[in-house]
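# Examination of the molecular architecture
What follows is the residue order along each chain.
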Amino acid sequence: MNPSAAALKAQFGGAIRRVTTSCGATIVLVDAARVSDVLRWLKATPGEGYNYLADLTAVEHRDGERPLEVVYQLYAMERKVSLRVKVELPKDQALEVPSVVSIWRGADWMEREVYDMFGITFRGHPDLRRILMWETYAEGYPLRKDFPLRGRFSRAEQVRQALNANPEAHYSMEELSIAEAIHELPKDMRDRLARGERGQLPEPIEPSHG
Amino acid sequence: MGLTTVPGGGTGDTAVVAPVSPNWVTSRLDFLINWARSNSMWPMPFGTACCAIEFMASAAARYDLARFGMERMSFSPRQADVLLCAGRLPFKLAPVIRRIYDQMPQPKWVISMGACASSGGIFDNYAMVQGIDTVVPVDVYVPGCPPRPEGLIYGIMMLQKKVKGESLADPSIRNEQVIGPSGLPLPAERIDELSEPFGNSIHQTRSA
């Protein structure tokens, strides 16, 4: 049993619903309303120091009555200790948890993946879009248990929607701004990128704005 | 060479070109042109999975694809003759391979390498195109999971044989097969039929 579980119980009391161990891993089930505080505390408290979010994923159990779970796999780099934190999301309520991107920057794409595959919304995420399926994907959330293996539409409809997806139209502003941000790069990198295939420097491009 | 468009031609998706009756000149020209084409095919490798590893092995020293005039990989579709799809194609890549195919100049051919590219293979699921022939027209299917380099080379030689049998007198093989107003390269029923589960995948259920 990871001693962080007892420390969490002392700190948060009733917000820690259940502590179990499985295959040597300590699993802490946390109240959805307090999960943001709990995770922030686990990272910031000196004795805990879970500074690495190894994985963020979700589970839907085969038993349809059981709630969905969002799983945070934490790791303390200095102490070499890991801890699993879970949040239960009942299916009759909004599938929503606070985003942890402000705590661990690396949660960004993992939360997008959980949103893409399970339809769980991460409140406060800076850019919550689908990440594996394309932007216009309309069949739902593929890893949910009610999702048919071959998708909801006919194969012809799937091909039609895929061919009409127009991938370029859905880049985020951040992705588009990479091309415009060349003026903010260091000079040597800018010169290297600006040099075309022939190794010549083209005329400097004027900034389009700002 | 018979590439004049028929007045008022162009029915539906394809432009109709006036046929030329085969004669001594065209058959000699056919021999020359097909000999040149079939022995200098530049492949556009579209490698998405393990088949691409076998394709690299085919191109490397031991199997040496250069013996068949394919030593020059054309990573630009504009200089390519053969689109070689080596690996599974998810729906997210379908518009990409379609655009690559559209950007290739005529004459062009497509080799579908491996079970996944040819039929979806074991990936009979929501994310995978069930055979690239539902997206682009295919000339040669190479079976295998993945095919050995010998298998791929056999497929390439089949394509060379096909090219050697083409004739200027039959311009219909050069018709650009574009996406129709329905947004599909084939009729919807054809795509549904081509994508039908077969083999072990018929035992998978559509329900949860």
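Residues numbered from 1 in each chain as written. Chains lettered and ligands numbered in written order. Predicted model: local features only at pLDDT ≥ 70, side-chain atom pairs only at ≥ 80, totals over all residues.

Glancing now at the overall build of chain A. A count of helical and extended segments in chain A gives 6 helices and 7 strands. Listing the helices and strands of chain A from first to last along the sequence gives α-β-β-α-β-β-β-β-α-β-α-α-α. Here chain A holds 210 residues, and the buried ones make up 23% of them. Partitioning the contacts of chain A with sequence separation of at least 6, the portion at a separation of at least 24 is 50%. (Helix = DSSP H or I, 4+ residues; strand = E, 2+ residues; numbered from the N terminus. Buried ≥ 20, exposed ≤ 12 C-beta atoms within 10 Å, placed from the backbone. Contact = placed C-beta atoms within 7 Å.)

Before going further, it helps to examine the nonpolar core. In this structure, Val82(B), Leu83(B), Leu84(B), Cys85(B), Ala94(B), Ile97(B) and Met113(B) are the most contacted members of the largest nonpolar core, which totals 48 residues. Per-element tally for this core: the top contributor is strand β2 (residues 82–86) of chain B, with 5 residues. If sequence neighbours within four positions are ignored, Ala94(B) has contacts with Val159(A), Ala162(A), Leu163(A), Leu89(B), Val129(B) and Val135(B). Core analysis: the second largest hydrophobic core is formed by 29 residues, Leu68(A), Leu83(A), Val85(A) and Met110(A) among them. (Core = buried A, V, L, I, M, F, W, Y, C linked by C-beta atoms within 7 Å.)

By definition, the strands of a sheet pair up through backbone hydrogen bonds, in either a parallel or an antiparallel sense. Residue and element names in this part refer to chain A. The strand order across the open sheet formed by 5 strands is β1-β2-β5-β4-β3, and the pairing between neighbours is mixed. Each end of this open sheet is capped by a strand with a single partner; those strands are β1 (16–22) and β3 (52–59). Along the sheet, successive strands turn relative to each other by an average axial angle of 20°, direction set aside. Here β1 runs beside strand β2 (residues 25–30); their pairing, made up of 6 bridges, is antiparallel. Its bridge partner lying in β2, Ile16 is registered against Val30. Its contacts with the sheet put helix α1 (residues 3–12) on β1, β2 and β5 (81–89), and the angle it makes with β1 is roughly 175°. (Pairing = 2+ DSSP bridges. Axes fitted to C-alpha atoms, helices over the stretch in contact; angles between N-to-C directions.)

A few words on the interface of chain A and chain B. Each partner contributes residues to the interface: chain A has 20 residues there, and chain B has 23 residues. Here the side of chain A that touches chain B is built from residues that sort into 10 nonpolar, 4 polar and 6 charged. (Nonpolar A, V, L, I, M, F, W, Y, C, P; charged D, E, K, R; others polar.)

This brings us to the environment of Leu194(B). Its location among the elements puts Leu194(B) in helix α6 (residues 188–194). C-alpha of Leu194(B) to C-alpha of Asp133(B): the two residues are 61 residues apart in sequence and 8.3 Å apart in space.

What follows is about the sheet that holds strand β1 (residues 43–47) of chain B. Residues and elements named next belong to chain B. Strand order in the open sheet made by the 4 strands is β1-β2-β3-β4, with parallel pairing throughout. Because the sheet does not close on itself, it has two edges, and the strands there are β1 and β4 (140–142). Here the strands of the sheet are splayed against their neighbours by 15° on average, with no regard to which way each runs. Across 5 bridges, β2 lies against strand β3 (residues 109–113) in parallel orientation. Opposite Leu84, over in β3, you have Ile111 as the bridge partner.

All names here are of chain B. For the pair helix α1 (residues 24–38) and helix α5 (residues 149–164), the least separation of the axes is 8 Å and the interaxial angle reads 160°. What the angle tells us is that α1 and α5 run roughly antiparallel. As for how α1 packs across α5, the hand of that crossing is right-handed. Contacts between α1 and α5 involve Asn34, Arg37 and Ser38 on the former and, on the latter, Gln160, Val163 and Lys164. Its residues assigned to classes, the contact of α1 with α5 shows 1 nonpolar, 3 polar and 2 charged. (Parallel < 35°, antiparallel > 145°, perpendicular 65-115°, else oblique. Left-handed = near helix turned anticlockwise from the far one by under 90°.)

Turning next to helix α2 (residues 35–44) of chain A. Because each turn of an α-helix spans 3.6 residues, side chains separated by three or four positions end up pointing in the same direction. Along α2(A), the residues classified as buried are Val38(A), Leu39(A) and Leu42(A). Buried residues of α2(A) fall within an arc of 95° about the axis and therefore sit on the same side. (Arc of directions from axis to C-beta.)

This paragraph deals with the confidence of the model for chain B. Residue and element names in this part refer to chain B. Mean pLDDT over chain B: 84, with 86% of residues reaching 70 or higher. Model confidence for chain B, summarised as mean pLDDT per element, is weakest for α1 at 87 and strongest for β4 at 95. For the stretch residues 1–12, pLDDT sits under 50, and the model shows 19 contacts to residues farther than four places along the chain or on other chains. Interface confidence for the predicted complex, expressed as ipTM, amounts to 0.80; the pTM equals 0.78. (pLDDT = per-residue confidence, 0-100.)

Glancing now at the packing of helix α4 (residues 155–163) of chain A against helix α3 (residues 94–103) of chain B. In the contact formed by α4(A) and α3(B), the axes pass within 8 Å of each other and the chain directions differ by 65°. Here α3(B) runs roughly perpendicular to α4(A), going by the angle between their axes. Considering how the two elements wind past one another, α4(A) and α3(B) form a crossing that is right-handed. Contact residues: α4(A) offers Val159(A), Ala162(A) and Leu163(A), while α3(B) offers Ala94(B), Pro95(B) and Arg98(B). Class assignment of the residues belonging to the contact of α4(A) with α3(B) gives a composition of 5 nonpolar, no polar and 1 charged.

Here the focus is the pairing of strand β4 (residues 68–76) of chain A. Residue and element names in this part refer to chain A. With 7 bridges connecting them, β3 and β4 associate as antiparallel partners. Counterpart to Tyr52 in the pairing with β4 is Tyr75. Inspection of the sheet shows β4 paired to β5 by 9 bridges, in the antiparallel sense. Paired with Leu74 across the two strands is Leu83, which belongs to β5. Counted along the chain from β4 to the antiparallel partner β5, the turn is 4 residues long, and its residue Lys80 has a positive phi close to 55°.

Next up on the list: the environment of Pro187(B). Considering the arrangement of structural elements, one finds Pro187(B) in the loop between α5 and α6. When the C-alpha positions of Pro187(B) and Thr134(B) are compared, they lie 9.5 Å apart, and in sequence the two are 53 residues distant.

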